[in-house]
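Tertiary structure, described
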Amino acid sequence: MEISARNGLKGKVADVKLGEVMASIKIEVTEPGVITAIITRESAEDLGLKEGDEVKAIIKSTEIMVAK
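Note that this is a predicted model, so its numbers are computed, not measured.

**With respect to the pairing of strand E1 (residues 10-18)**
- Of all nine residues in E1, zero are buried; the element is thus mostly exposed.
- Note that E1 and strand E2 (residues 23-31) share eight bridges and pair antiparallel. Each bridged residue has a counterpart across the sheet, and for Val-13 the counterpart in E2 is Ile-27.
- Between E1 and E2, which pair antiparallel and follow one another directly, the connecting turn spans four residues.

**What about the confidence of the model for the chain?**
- With 88% of its residues at a pLDDT of 70 or more, the chain shows a mean pLDDT of 82.
- Mean pLDDT across the secondary structure elements of the chain bottoms out at E2, with 83, and peaks at helix H1 (residues 41-47), with 91.

**Quick look at the pattern of salt bridges**
- On inspection of all chains with the given rule, the structure shows three salt bridges.
- Close ionic contact of Lys-17 with Asp-15 constitutes a salt bridge, the shortest N to O distance being 3.5 Å.
- On the basis of relative accessibility, which here comes to 27%, the residue Asp-15 falls in the partly exposed class.
- A salt bridge links Glu-45 to Arg-41; the nearest nitrogen and oxygen atoms lie 2.8 Å apart. Of this pair, Glu-45 and Arg-41 both sit in helix H1, separated by four residues, roughly a single helical turn.
- Taking the relative accessible area as the measure of exposure, Arg-41 reaches 67% and is therefore exposed.

**Some points on the environment of Gly-8**
- Looking at the secondary structure, you find Gly-8 in the segment before E1.
- With relative accessibility at 54%, the residue Gly-8 sits in the exposed group.

**Concerning a nonpolar patch on the surface**
- Side chains of Leu-9, Val-13, Val-16, Leu-18, Ile-25, Ile-27, Val-29, Ile-35, Ile-59 and Val-66 sit close together on the surface and give an oily, nonpolar patch of about 870 Å² of accessible area.
- Mapped by element, the contributors of at least two residues to the nonpolar patch are E1 and E2.
- Structurally, Ile-27 can be placed in strand E2.
- Ile-27 sits in the partly exposed class, given a relative accessible area of 35%.

What counts, and where the lines are drawn
- Residues numbered from 1 in each chain as written.
- Predicted model: local features only at pLDDT ≥ 70, side-chain atom pairs only at ≥ 80, totals over all residues.
- Heavy atoms only, no water.
- Buried < 20%, exposed > 50% of the residue type's maximum accessible area, 1.4 Å probe, protein only.
- Helix = DSSP H or I, 4+ residues; strand = E, 2+ residues; numbered from the N terminus.
- Pairing = 2+ DSSP bridges.
- pLDDT = per-residue confidence, 0-100.
- Salt bridge = Lys/Arg side-chain N within 4 Å of Asp/Glu carboxyl O.
- Patch = residues over 30% accessible without salt bridge, like charges linked within 9 Å, V, L, I, M, F, W, Y side chains within 5 Å.
- Areas by Shrake-Rupley, 256 points an atom, 1.4 Å probe, with all protein chains shown as cover.

Shown next, in the form of structure tokens:
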């Protein structure tokens with residue numbers, strides 16, 4: 001499947017919980033080993049980011065789709 005979105009993470013379904021209308025799918029992420037964030041220089045300087053720092057990658061999105 002080819003799509004233009006680049007914020008996809010490969011993984012394996014770890015848990016499925018089915019409700020009346022919605023389903024909760026837990027995905028254990030194994031790839032990619034590295035993701036790239038593009039942020040403003042001002043934000044990078046304000047955070048004092050340097051190689052080796054431990055950080056959390058937060059993906060802003062209104063939804064997560066599942067493809068198989």
